[in-house]
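Structural overview for review
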Amino acid sequence: MIRFGVIGTNWITERFLNGASQLENFRLNAVYSRTEEKASDFADKYEVQHTYTDLQEFAESDQFDAVYIASPTALHSEQAIICMNGGKHVIVEKPFASNEKEVQAMIDTAKQNNVTLMEAMKTTHIPNFHLIKASLKKIGPVRRYVANFCQYSSRYDKYKQGEVLNAFKPELSNGSLMDIGVYCIYPMVALFGAPERVKATAYMLESGVDGEGTVTADYPSLNGVAMFSKITNSELPSEIQGEKGSIVIGKFSDMDDVKIVYKDGAEEVLHAEQNDNTMYYEAKSFMETIEQGEMENRVNSWENSLATIRILDQARNEIGLEFPADRK
């Protein structure tokens, strides 16, 4: 049995818990929030006894073994480091942290404390993603990777009315690139490694973050394109193009509705039975990594997380997106 604590009492935490609770060796045992009211309300919902409003006390608690962190990105590194120094295994929502310096500090802390540290990028653990990776050889040499994830934020209407919510605040290390673009970039790294060159363009909002943008990544034998937005929707699929055919992906974040279209027009559906809650797979993989006594997940490796954050840093430099975290 692996006992968990959570930081963050939002919908994404509830989604993670829904997936993780389907695993027999998972138990939620502690909740941290900055306010006792939020911590208690969340704990009551899940019948959890232990609540904390002091992060240091939470990290040093003997009531749990691992922690899931789903706070704003600007808080990820500090909270993860405090928890790992308390001997806790840590899974941190994507993006891992604000910048490469913070990610490296997290990795160094995991090594010092001999604990598991993993970025909670669910996409690379989904069964259909493994099918896609195994099918690349079917489409011949890959020449182009096009990931498209544009999702109109429910908070953008309030932003246009003058209320800037967390999703559009640079002090929280947010914006379209960090919140949505990472879904496009991390799988590219997992499939093809780190690119040689990165370019980026974006539409910047007055609050100081990007509303939508595009990142291009050049590899020796292929070109990657990531399109992302929090201020528009898109109905276009994503695609991995090879000389013998293309892998077409309907919903990119869940790797859903996937098929190969060969150059002669023939089609092959790629479909594995998948849990309706695709966060189940990241929870399962994280817990298996702990049980195996490994600090680093084999799929969501530190190398992949570092390569991804470097792309995000380079893209932000291209579009002029600076966070207060960068000046620390």
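An unreviewed UniProt entry annotates the protein chain as Gfo/Idh/MocA family oxidoreductase of Gracilibacillus caseinilyticus.

1. What about the overall build of the protein chain?
Secondary structure summary: the protein chain contains 10 helices and 14 strands in total. Taken over C-alpha atoms, the radius of gyration comes to 20 Å for the protein chain, in line with the 20 Å a tight globule of 328 residues would show. A principal-axis box enclosing the C-alpha atoms of the protein chain has dimensions of 60 × 45 × 35 Å. Across the 328 residues that make up the protein chain, the buried fraction comes to 57%. A total of about 14,400 Å² of accessible surface is found on the protein chain, and carbon and sulfur atoms cover 44% of it. When the 33 basic and 48 acidic side-chain charges of the protein chain are each reduced to a single mean position, those positions are 4 Å apart.

2. Some words on the UniProt feature "domain: GFO/IDH/MocA-like oxidoreductase" (unreviewed entry) in the protein chain
Following the UniProt record, one finds the feature "domain: GFO/IDH/MocA-like oxidoreductase" (unreviewed entry) at residues 138–248. For residues 138–248, the helix share is 20%, the strand share is 38%, and the end-to-end C-alpha distance is 13 Å.

3. A closer look at the packing of helix α4 (residues 73–85) against helix α5 (residues 100–113)
Closest axis-to-axis distance for the α4/α5 pair is 9 Å, and the angle between their directions is 5 degrees. With respect to α5, the axis of α4 lies roughly parallel. For the pair formed by α4 and α5, the contact residues are Ser-77, Ala-80, Ile-81, Met-84 and Asn-85 on the first element and Glu-102, Ala-105, Met-106, Thr-109, Ala-110 and Asn-113 on the second. Taken together, the residues of the contact of α4 with α5 break down into six nonpolar, four polar and one charged.

4. Focus on the environment of Pro-95
With respect to the helices, strands and loops of the structure, Pro-95 is situated in the loop between β5 (89–93) and α5. For the pair formed by Pro-95 and Glu-235, sequence separation is 140 residues and the distance between their alpha carbons is 24 Å. Setting aside anything within four residues of it in sequence, one finds Pro-95 in contact with Thr-73, His-76, Glu-119, Met-178, Val-182 and Leu-312.

5. What to know about helix α9 (residues 279–291)
Since one α-helical turn is 3.6 residues long, residues separated by three or four positions face the same way. Its 13 residues place the ends of α9 19 Å apart at the C-alpha level, agreeing with the 18 Å of an ideal helix rising 1.5 Å per residue. Taken together, the buried positions of α9 are Met-279, Tyr-280, Tyr-281, Glu-282, Ala-283, Ser-285, Phe-286, Met-287, Thr-289 and Ile-290.

6. Some thoughts on the sheet that holds strand β2 (residues 26–32)
Overall, parallel pairing links the six strands, which are arranged β3-β2-β1-β4-β5-β6 in an open sheet. The outermost strands of the open sheet, each flanked by one partner alone, are β3 (50–52) and β6 (117–120). Mean inter-strand twist for the sheet, computed between neighbouring axes without regard to direction, equals 25 degrees. Sheet topology note: the strand β1 (residues 2–7)/β2 ladder contains six bridges and is parallel.

7. Observations regarding the pairing of strand β12 (residues 245–251)
Burial of β12 is extensive: five of the seven residues sit out of reach of the surface. Sheet topology note: the strand β11 (residues 238–242)/β12 ladder contains four bridges and is antiparallel. Opposite Ile-240, over in β12, you have Ile-247 as the bridge partner. Turn length for the β11-β12 hairpin, with the two strands adjacent in sequence and antiparallel, is two residues. As defined by bridge partners, β12 adjoins strand β13 (residues 256–262) across six bridges and the pair is classed as antiparallel. The partner of Ser-246 across the bridge, within β13, is Val-261. Two successive antiparallel strands, β12 and β13, enclose a turn made up of four residues, where Met-255 displays a positive phi of approximately 50 degrees.

8. Describing the packing of aromatic side chains
A complete count under the given rule lists 17 aromatic pairs for this structure. Where Phe-4 meets Phe-26, the ring centres are 4.8 Å apart and the plane angle is 45 degrees; that geometry is what we call tilted. A residue pair is termed long-range when its members are at least 10 positions apart, and Phe-4 in strand β1 and Phe-26 in strand β2 qualify at 22 residues. Classification of Phe-4 as buried rests on a relative accessible area of 1%.

9. Here we look at the sheet that holds β12
Strands sit in the order β8-β9-β10-β7-β11-β12-β13-β14 across an open sheet of eight strands; the sheet is mixed. Whereas interior strands pair on both sides, the edge strands pair on one side only; in this sheet they are β8 (197–204) and β14 (267–270). Averaged over all adjacent pairs, the angle separating strand axes in this sheet is 10 degrees, with direction ignored. Sheet strands in contact with helix α6 (residues 127–135) are β11, β12, β13 and β14, and its direction is about 15 degrees off that of β13. Contacting β8 and β9 (210–218), helix α10 (residues 302–319) crosses the sheet at an angle of about 55 degrees to β8.

10. Focus on the pattern of salt bridges
Applying the stated criterion across every chain, the model contains 18 salt bridges. Where Arg-310 meets Glu-100, a salt bridge forms, and the shortest distance between an N and an O atom there is 2.9 Å. On the criterion of sequence distance, the pair formed by Arg-310 in helix α10 and Glu-100 in helix α5 is long-range, its members being 210 residues apart. Arg-310 sits in the partly exposed class, given a relative accessible area of 35%. Its salt-bridge partner being Arg-316, residue Asp-326 comes within 2.7 Å of it at the nearest N-O pair. Here Arg-316 lies in helix α10 and Asp-326 lies in the segment after α10, a separation of 10 residues in the sequence. Overall, the relative accessible area of 28% leaves Asp-326 in the partly exposed class.

Analysis parameters
- Residues numbered from 1 in each chain as written.
- Predicted model: local features only at pLDDT ≥ 70, side-chain atom pairs only at ≥ 80, totals over all residues.
- Heavy atoms only, no water.
- Helix = DSSP H or I, 4+ residues; strand = E, 2+ residues; numbered from the N terminus.
- Rg over C-alpha atoms; globule rule 2.2 N^0.38 Å.
- Buried < 20%, exposed > 50% of the residue type's maximum accessible area, 1.4 Å probe, protein only.
- Areas by Shrake-Rupley, 256 points an atom, 1.4 Å probe, with all protein chains shown as cover.
- Lys, Arg positive; Asp, Glu negative; His and termini not counted.
- Charge placed at Lys NZ, Arg CZ, Asp CG, Glu CD.
- UniProt positions renumbered as here; feature names shortened; annotations may be inferred.
- Axes fitted to C-alpha atoms, helices over the stretch in contact; angles between N-to-C directions.
- Parallel < 35°, antiparallel > 145°, perpendicular 65-115°, else oblique.
- Contact = heavy atoms within 4.5 Å.
- Nonpolar A, V, L, I, M, F, W, Y, C, P; charged D, E, K, R; others polar.
- Expected span 1.5 Å × (residues − 1).
- Pairing = 2+ DSSP bridges.
- Phe/Tyr/Trp six-rings, centres within 6.5 Å; stacked < 30°, edge-to-face > 60°.
- Salt bridge = Lys/Arg side-chain N within 4 Å of Asp/Glu carboxyl O.

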